[in-house]
Amino acid sequence: MKLVLLSAVFSLVMLTSVRAQQSDSRSAKFKSFTRAEISYLFGIRDAVNDKNLNSLHIKITIGLQNEFIGFGVGIENASYREAGGNGLTFQTFNLSGNAHVFAKPISTDELNFFLKAAAGYAPRIFRTYSKGPNYEIAPGILFTTKKKSKIYVEAMYQVQKIDSFSLTTGTPRFTAIGLGIGTWL
């Protein structure tokens with residue numbers, strides 16, 4: 001899994017570097033963006049007591065981007081629940097740094113592909129919320145509607161550790177894959 005994450009981050013860095021070298025004065029200007037998404041992830045690794053946890057995420061990211069690359073700050077509320085809906089649940093409020101790169105300029109109305117990555121931490125803001133580091137990577141497809149709105153679909157891989165909960169084997173680590181949809185303004 002670490003090899004997959006390292007190769008994805010390396011790909012993101014290389015694409016960003018190539019895009020930065022190809023950019024002209026028009027695409028070098030950074031403008032603000034807002035991205036809102038909802039995603040559902042399915043646990044792929046036993047997290048706690050041989051149980052997988054599925055999770056629902058709502059995330060808003062704001063930042064700066066040019067035609068090919070962007071960087072931002074994300075706020076995400078996540079709810080982890082044991083598969084089947086009974087038993088163990090966790091809530092997190094994640095703060096993250098985000099980066100993304102496009103295959104084509106974002107201003108195009110054509111089908112566009114992107115790769116985004118995020119790394120952050122979930123502080124224990126509320127008593128019922130858990131804390132711990134997290135990271136995710138997501139390739140996706142960006143569509144432009146007839147009214148020029150931009151929506152996207154993404155496949156996600158995410159890891160969330162929970163530092164405020166202890167087991168005999170250490171702290172829980174949720175590894176999950178899933179799908180997300182969102183808008184890009």
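Look up a bit, the structure's there.
Residues numbered from 1 in each chain as written. Predicted model: local features only at pLDDT ≥ 70, side-chain atom pairs only at ≥ 80, totals over all residues. Heavy atoms only, no water.

Let's talk about the overall build of the chain
Helices and strands together make up the secondary structure of the chain, namely one helix and eight strands. Mapped from its N terminus to its C terminus, the chain presents α and β elements in the order α-β-β-β-β-β-β-β-β. Counting across all 185 residues of the chain, residues that qualify as buried make up 43%. Taking the intrachain contacts of the chain between residues at least 6 apart in sequence as the baseline, contacts between residues at least 24 apart amount to 60%. When the accessible surface of the chain is totalled, it reaches about 10000 Å², and 64% of it is carbon and sulfur. (Helix = DSSP H or I, 4+ residues; strand = E, 2+ residues; numbered from the N terminus. Buried < 20%, exposed > 50% of the residue type's maximum accessible area, 1.4 Å probe, protein only. Contact = heavy atoms within 4.5 Å. Areas by Shrake-Rupley, 256 points an atom, 1.4 Å probe, with all protein chains shown as cover.)

Structural notes on the nonpolar core
Counting eight residues, the largest nonpolar core consists of Phe68, Ile69, Val101, Leu115, Ala117, Ile137, Tyr157 and Val159. Of all elements in the fold, only strand E5 (112-122) and strand E7 (150-161) reach the threshold of two or more residues within this core. By size, the runner-up hydrophobic cluster in this structure holds seven residues, among which are Phe102, Phe114, Leu142 and Tyr152. (Core = buried A, V, L, I, M, F, W, Y, C linked by side-chain atoms within 4.5 Å.)

Notes on the environment of isoleucine 58
Here isoleucine 58 shows up in strand E2 (residues 53-65). Classification of isoleucine 58 as partly exposed rests on a relative accessible area of 48%. Along the primary structure isoleucine 58 and alanine 36 are separated by 22 residues, whereas in three dimensions their C-alpha atoms are 7.7 Å apart.

These results come straight from atomic positions and should not be treated as a statement about function.
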